[in-house]
Amino acid sequence: MTGTTPTRGWDQAVSRCGRCGTEHTATTETDYLKAVRAHGDAHTVWDRLNPTERDGLASILRTILAAPDLAAELLALADRKPAGGASR
């Protein structure tokens, strides 16, 4: 032994969802907890949607996540106040 104490902790952790089987790997406890929370929240939202809403949401997310600039512009439009009292 060189006289140094080995660092205790973990180098990675894997969570596996018991509902859908998805696996998430994280290298920090913070990232692990964030991933588990986000996945649980996704199940909560998904469970509240009917099949038509699920298809629509999935389509919208595929479009937006593939184009970050589009997402930024859509958020800017959503936050803009309508000019002249027109509805959005």
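Throughout what follows, the structure given in this document is the object of discussion. (Residues numbered from 1 in each chain as written. Predicted model: local features only at pLDDT ≥ 70, side-chain atom pairs only at ≥ 80, totals over all residues. Heavy atoms only, no water.)

We now examine the overall build of the protein chain. Helices and strands together make up the secondary structure of the protein chain, namely three helices and two strands. Overall, the protein chain shows an N-to-C arrangement of helices and strands of β-β-α-α-α. Considering the protein chain as a whole, with its 88 residues, one finds that 9% of them fall into the buried category. Contacts in the protein chain between residues at least 24 apart in sequence constitute 7% of all its contacts with a sequence separation of at least 6. When the accessible area of the protein chain is evaluated, it comes to approximately 7,600 Å², of which 55% is carbon and sulfur surface. (Helix = DSSP H or I, 4+ residues; strand = E, 2+ residues; numbered from the N terminus. Buried < 20%, exposed > 50% of the residue type's maximum accessible area, 1.4 Å probe, protein only. Contact = heavy atoms within 4.5 Å. Areas by Shrake-Rupley, 256 points an atom, 1.4 Å probe, with all protein chains shown as cover.)

Here we take up the pairing of strand β1 (residues 13-16). Of the two faces of β1, the one holding Ala 13 and Ser 15 is buried and the one holding Val 14 and Arg 16 is not buried anywhere. With four bridges connecting them, β1 and strand β2 (residues 23-26) associate as antiparallel partners. Counterpart to Ser 15 in the pairing with β2 is His 24. Between β1 and the antiparallel strand that follows it, β2, lie six residues; Gly 21 among them carries a positive phi value of about 85°. (Pairing = 2+ DSSP bridges.)

Here helix α2 (residues 51-65) is 15 residues long and its end C-alpha atoms lie 21 Å apart, about the 21 Å a rise of 1.5 Å per residue gives. N-capping of α2 is provided by Asn 50, with a side-chain oxygen placed 2.9 Å from the backbone N of Thr 52. (Expected span 1.5 Å × (residues − 1). Polar contact = N/O pair within 3.5 Å; in protein donor to acceptor, adjacent residues only side chain to side chain.)

Where α2 meets helix α3 (residues 68-79), the closest approach of the two axes is 6 Å, and the angle between their N-to-C directions is 110°. The pairing of α2 with α3 is recorded here as roughly perpendicular in orientation. Of the residues in α3, those touching α2 at Thr 63, Ile 64 and Leu 65 are Pro 68, Leu 70, Ala 71 and Leu 74. Looking at the contact of α2 with α3 residue by residue, the classes come out as six nonpolar, one polar and no charged. (Axes fitted to C-alpha atoms, helices over the stretch in contact; angles between N-to-C directions. Parallel < 35°, antiparallel > 145°, perpendicular 65-115°, else oblique. Nonpolar A, V, L, I, M, F, W, Y, C, P; charged D, E, K, R; others polar.)

Another aspect to go through is a nonpolar patch on the surface. Residues Leu 70, Leu 74 and Leu 77 make up a contiguous nonpolar surface patch of roughly 240 Å² in combined accessible area. Considering the arrangement of structural elements, one finds Leu 74 in helix α3. Exposure remark for Leu 74: the relative accessible area of 38% places this residue in the partly exposed category. (Patch = residues over 30% accessible without salt bridge, like charges linked within 9 Å, V, L, I, M, F, W, Y side chains within 5 Å. Salt bridge = Lys/Arg side-chain N within 4 Å of Asp/Glu carboxyl O.)

We now examine the side chain of Ser 15. Examined against the element boundaries, Ser 15 turns out to sit in strand β1. The residues touching Ser 15, leaving out its near neighbours within four places in the chain, are Thr 22, Glu 23, His 24, Tyr 32 and Val 36.

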